[in-house]
Amino acid sequence: MAEPIIRCEGVTRTFRSRAALDGISLEVQPGRCFGFLGPNGAGKTTLIRCILGLARPTAGRITVRGHDIAKDPAAALARVGAIVEEPRFYGYLSGRQNLELWAAYTGGDAAARVEPVLDRVRLLDRAGDKVSTYSLGMRQRLGVARALLSDPELLVLDEPTNGLDPDGVAEFRVLIRDLVETDGRAVFVSSHLLDEIQKVCDDLAIVNQGTLITSGTLADLLAGGASALRIECDDSARAQQLLSAQASVASVTAEPSGLLAVQLHADVPANRAELNRLLVEAGLAVSRLEPRTESLEERYLHLVNEGGAA
Ligand SMILES: Nc1ncnc2c1ncn2[C@@H]1O[C@H](COP(=O)(O)OP(=O)(O)OP(=O)(O)O)[C@@H](O)[C@H]1O
Ligand SMILES: [Mg+2]
């Protein structure tokens, strides 16, 4: 596999005693779209700020394009474009003038790219208008145009579709796929919506309360899901106690119906038989033990709604 374009190793960031990020490790491959998915407050913006050198991890290490962001930020960020939260512009200048200013600041051949990037984000016809007259969607596209001025190998976008209407979101999606497939750029994009990540990303990681819940290619995560069991027996409390102590069990929760929902680290038949034996040998009457595969969506919704670790 190629050298990852972003590598995070054990990245932790604490604010006072609270960990906004707790030992995050992930790798983003060049030329792929990587989705960073998590509910509000999960730590998405915090990690993005660390990747861009805008904040320092309390512990851990981040390399971008093979360069340590803490030691050599200039080399790491030389060909990186980003939008963190809402892009800001001078409202009294036109879209084109804003980009020209930015290009002058960026240097290199950025000035020659102003017109092509305006065309790329389909803003050429409004490029002469003041930014104060732009819609939110137009501002977001201008943000991407600005991020493209340095001809980046990597674009980092923090919730770029927040506040856009469905048409704006769909259009943005097409733009991102085009940047990946036609130009071969890598895109790291955060979102709190699974649906959005699912439609645009090749790979994804799910984060909650600063911890990575799962990561992998979208295809693998959609195919695999999480392994779970549903168990019905005559003493749920005792069963919960016994099951929680097993190495193969990730978590046990009692559903309102009285059934136990058991998350397994790996769903193999031997595990199921072993758990059944454990309960029966403890004197419990097991009336049901059924395997089920939780979809990525169920797992994410569970995570968002319960606010706990899946
Ligand atoms: N400067 C700060 N000082 C103290 N706590 C902070 C600071 N920045 C972030 N946090 C905390 O870190 C946690 C993660 O915040 P972060 O902004 O990274 O979440 P997020 O995933 O981007 O959420 P959202 O979807 O709402 O944008 C939150 O609990 C937040 O309160
Ligand atoms: Mg955020």
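Note that the coordinates shown come from a computational prediction; the quantities given were computed from them, not determined experimentally. For every chain, the first residue of the written sequence is number 1, and numbering continues from 1 along that sequence. Throughout, the order in which chains and ligands are written sets their labels, letters from A for the former and numbers from 1 for the latter. Only residues with pLDDT of at least 70 get local features here, since the model is predicted, and only at 80 or more are side-chain atom pairs given and counted; chain-wide, interface and lining totals rely on the full set of residues. Note that the side-chain values use all heavy atoms of the structure and ignore hydrogens as well as water.

### Description of the nonpolar core
Move 1: Membership of the largest hydrophobic core comes to 43 residues, with the highest contact counts inside it found for Cys33, Leu99, Leu142, Val144, Val187 and Leu204.
Move 2: In contact with Val187, other than residues within four places in its own chain, are Arg32, Cys33, Phe34, Leu155, Leu157, Ile176 and Val180.
Move 3: Among the buried residues, those of types Ala, Val, Leu, Ile, Met, Phe, Trp, Tyr and Cys that are joined through side-chain atoms within 4.5 Å form a nonpolar core. Only protein chains enter the area calculation, which uses a 1.4 Å probe; residues under 20% of their type maximum are buried, those over 50% are exposed, and those in between are partly exposed. The next biggest cluster of nonpolar side chains, apart from the first, holds 28 residues, and it includes Ile24, Leu26, Ile51 and Ile69. It only takes one pair of heavy atoms within 4.5 Å for two residues to be counted as in contact.

### Side note on the packing of aromatic side chains
Move 1: Any two rings among Phe, Tyr and Trp, with Trp reduced to its six-membered ring, count as a pair given centres within 6.5 Å; such a pair is stacked if its planes are under 30 degrees apart, edge-to-face if over 60, and tilted if neither. Under the definition given, this model contains four aromatic pairs.
Move 2: When the centroid spacing of 5.9 Å and the interplanar angle of 55° are considered together, the rings of Tyr90 and Tyr92 count as tilted.
Move 3: Seen from their ring centres, Trp102 and Tyr105 are 5.6 Å apart, and the 55° between their planes marks the pair as tilted. Taken together, the residues span about one helical turn, with Trp102 and Tyr105 both in helix H3 (residues 95-106) at a distance of three residues. Numbering of helices and strands runs from the N terminus, with a helix taken as a DSSP run of H or I at least four residues long and a strand as a DSSP run of E at least two residues long.

### With respect to the site of ligand 1
Move 1: One heavy atom suffices: a residue is near a molecule or strand as soon as one of its heavy atoms comes within 4 Å of it. What surrounds ligand 1 is the set Phe15, Arg18, Ala20, Pro39, Asn40, Gly41, Ala42, Gly43, Lys44, Thr45, Thr46 and Glu159.
Move 2: Between N or O atoms, a polar contact is any pair within 3.5 Å; within protein, one atom must be a potential hydrogen donor and the other a potential acceptor, and residues adjacent in sequence are included only when both atoms are from side chains. Measuring from an oxygen atom of ligand 1, one finds a backbone N or O atom of Ala42 at 3.1 Å.
Move 3: A distance of 2.9 Å is found between an oxygen atom of ligand 1 and a backbone nitrogen or oxygen belonging to Gly43.
Move 4: Out of a free accessible area of 640 Å², ligand 1 has 59% covered by protein chains.
Move 5: For the shell around ligand 1, the secondary-structure elements that each account for two or more residues are strand E2 (18-28) and helix H1 (44-51). Per-residue and other accessible areas follow the Shrake-Rupley method at a 1.4 Å probe size, with only the shown protein chains counted as cover for residues.

### What to know about the sheet that holds E2
Move 1: When DSSP finds at least two bridges between two strands, those strands are taken to pair. With antiparallel pairing, the four strands of this open sheet are ordered in space as E2-E1-E4-E5. Of all the strands in the sheet, the pair left with one neighbour each is E2 and strand E5 (67-68).
Move 2: Examined bridge by bridge, strand E1 (residues 6-15) and strand E4 (residues 59-64) share five bridges and lie antiparallel to one another. Residue pairing for E4: Glu9 is matched across the bridge by Arg61.

### What about the domain arrangement of the protein?
When the parts of a complex come together, some accessible area is lost, and that lost area is often used as the size of the interface.
Move 1: Taken domain by domain, the protein holds domain 1 (6-220) and domain 2 (226-294).
Move 2: As used throughout, domain bounds are those supplied by an automatic or database domain assignment. Here the C-alpha centre of domain 2 lies 42 Å away from the C-alpha centre of domain 1.

### Notes on the pairing of strand E3 (residues 33-37)
Move 1: Most of E3 is tucked away: five of the five residues are buried.
Move 2: Note that E3 and strand E8 (residues 186-191) share five bridges and pair parallel. Note on E8: the bridge partner recorded for Gly35 is Val189.
Move 3: Pairing geometry for E3 and strand E9 (residues 203-208), over four bridges, is parallel. Residue pairing across strands places Phe34 opposite Asp203, the latter belonging to E9.

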